[in-house]
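Given next are the chains, with one letter for each unit.
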Amino acid sequence: GNSVTQMEGPVTLSEEAFLTINCTYTATGYPSLFWYVQYPGEGLQLLLKATKADDKGSNKGFEATYRKETTSFHLEKGSVQVSDSAVYFCALIDFPKLVFGKGMKLTVNP
Amino acid sequence: NAGVTQTPKFQVLKTGQSMTLQCAQDMNHEYMSWYRQDPGMGLRLIHYSVGAGITDQGEVPNGYNVSRSTTEDFPLRLLSAAPSQTSVYFCASSYIASYNEQFFGPGTRLTVL
């Protein structure tokens, strides 16, 4: 079946550091891909998405590009802030469900 | 517009007790679902519904029941709680046509002793 593999961490960075969170997928066809973020004590929020190959999703300074050649959807941010501390989930659609990676906890220190 | 709401936020049960986790949305979404989140396992689908009166099983349905009598509400019932059901439970909803746009509730943290 379809699956998602992502970096699990936890990862600790200093403010203004560069962030990459790797995500690769196994799927039949080319499903829509997502990054969700979970801030402490909250539910999941959609951070960005890409619905077809070569699409780039972006939001709040985060970016990810749908790469069908490498079956990847890596999340990047050029300069992280303390407020980016959260758990990040890579996911794909496999109706009726979202298939999630295991999540990666990011802590950003001032 | 409250979005997706869940109650309670926290609950402690003893083995064998029953309870209902509530989920409501005010966006007129057709699709609603329940996930459980366990450490190191991401989120897994328990049950889902594509409209009032229609429900179906997800990946991990055993020990849980659902019903969908209205578009707004999608309660999750634990008939006889077990320690293995200790988890954080999330409800999510979306329009069927825009399934890409899932909205999640804040979660219920359940502990079964």
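Residues numbered from 1 in each chain as written. Chains lettered and ligands numbered in written order. Predicted model: local features only at pLDDT ≥ 70, side-chain atom pairs only at ≥ 80, totals over all residues. Heavy atoms only, no water.

Caption draft 1: Quick peek at the overall build of chain B. If you tally the helices and strands in chain B, you get zero helices and 11 strands. Each principal axis of the C-alpha distribution contributes one length, and for chain B these read about 40 × 30 × 25 Å. Across the 113 residues in chain B, those meeting the buried criterion constitute 47%. A separation of at least 24 residues holds for 54% of the contacts in chain B among residues at least 6 apart in sequence. For chain B, the computed accessible surface area is about 5,100 Å², with 53% contributed by carbon and sulfur atoms. A distance of 14 Å separates the average location of the 7 positive side-chain charges in chain B from that of its 8 negative side-chain charges. (Helix = DSSP H or I, 4+ residues; strand = E, 2+ residues; numbered from the N terminus. Buried < 20%, exposed > 50% of the residue type's maximum accessible area, 1.4 Å probe, protein only. Contact = heavy atoms within 4.5 Å. Areas by Shrake-Rupley, 256 points an atom, 1.4 Å probe, with all protein chains shown as cover. Lys, Arg positive; Asp, Glu negative; His and termini not counted. Charge placed at Lys NZ, Arg CZ, Asp CG, Glu CD.)

Caption draft 2: Structural view of the overall build of chain A. Within chain A one finds zero helices and 12 strands. Going from N to C terminus, chain A has its helices and strands arranged as β-β-β-β-β-β-β-β-β-β-β-β. Computed over C-alpha atoms, the radius of gyration of chain A comes to 13 Å, within 12% of the 13 Å expected from 2.2 N^0.38 for 110 residues, which places it in the range of a compact globule. Dimensions of chain A, computed from C-alpha atoms along their principal axes, come out at roughly 40 × 25 × 20 Å. The buried share of chain A, taken over its 110 residues, is 47%. In chain A, of all internal contacts separated by at least 6 residues, the share reaching a separation of at least 24 is 56%. Here chain A has roughly 5,100 Å² of accessible surface; of this, 48% comes from carbon and sulfur atoms. Between the mean site of the 10 positive side-chain charges and the mean site of the 11 negative ones, chain A shows a separation of 5 Å. (Rg over C-alpha atoms; globule rule 2.2 N^0.38 Å.)

Caption draft 3: Just the state of the cysteines, in detail. Taken as a whole and judged by the stated rule, the model has two disulfides over all chains. At a sulfur-sulfur separation of 1.9 Å, the disulfide partner of Cys23 of chain A is Cys90 of chain A. Residues Cys23 of chain A and Cys90 of chain A are joined by a disulfide whose S-S torsion is about -70°; by sign, that bridge is left-handed. Pair noted here: Cys23 of chain A is in strand S4 (residues 23–26) and Cys90 of chain A is in strand S10 (residues 86–94), with a separation of 67 residues, a long-range link. Accessibility expressed as a relative area gives 1% for Cys23 of chain A, which makes it buried. Cys23 of chain B shares a disulfide with Cys91 of chain B; S-S distance 1.8 Å. Negative torsions about the S-S bond denote left-handed disulfides, and the value of about -70° found for Cys23 of chain B with Cys91 of chain B makes this one left-handed. With Cys23 of chain B in strand S3 (residues 19–25) and Cys91 of chain B in strand S9 (residues 87–94), the pair connects residues that are 68 residues apart, well separated along the chain. Here Cys23 of chain B matches Cys91 of chain B in class, with each residue buried. (Disulfide = S-S within 2.5 Å.)

Caption draft 4: Focus on the packing of aromatic side chains. In this structure the tally under the stated criterion is 13 aromatic pairs over all chains. Relative to Tyr88 of chain A, the ring of Phe62 of chain A lies with its centre 5.6 Å away and its plane at 40°, an arrangement referred to as tilted. Here the residue Phe62 of chain A occupies a position in strand S8 (residues 62–65), and Tyr88 of chain A occupies one in strand S10, the gap between them amounting to 26 residues. Their ring planes at 90° and their centres at 5.8 Å tell us that Phe100 of chain A and Tyr35 of chain B sit as a pair that is edge-to-face. (Phe/Tyr/Trp six-rings, centres within 6.5 Å; stacked < 30°, edge-to-face > 60°.)

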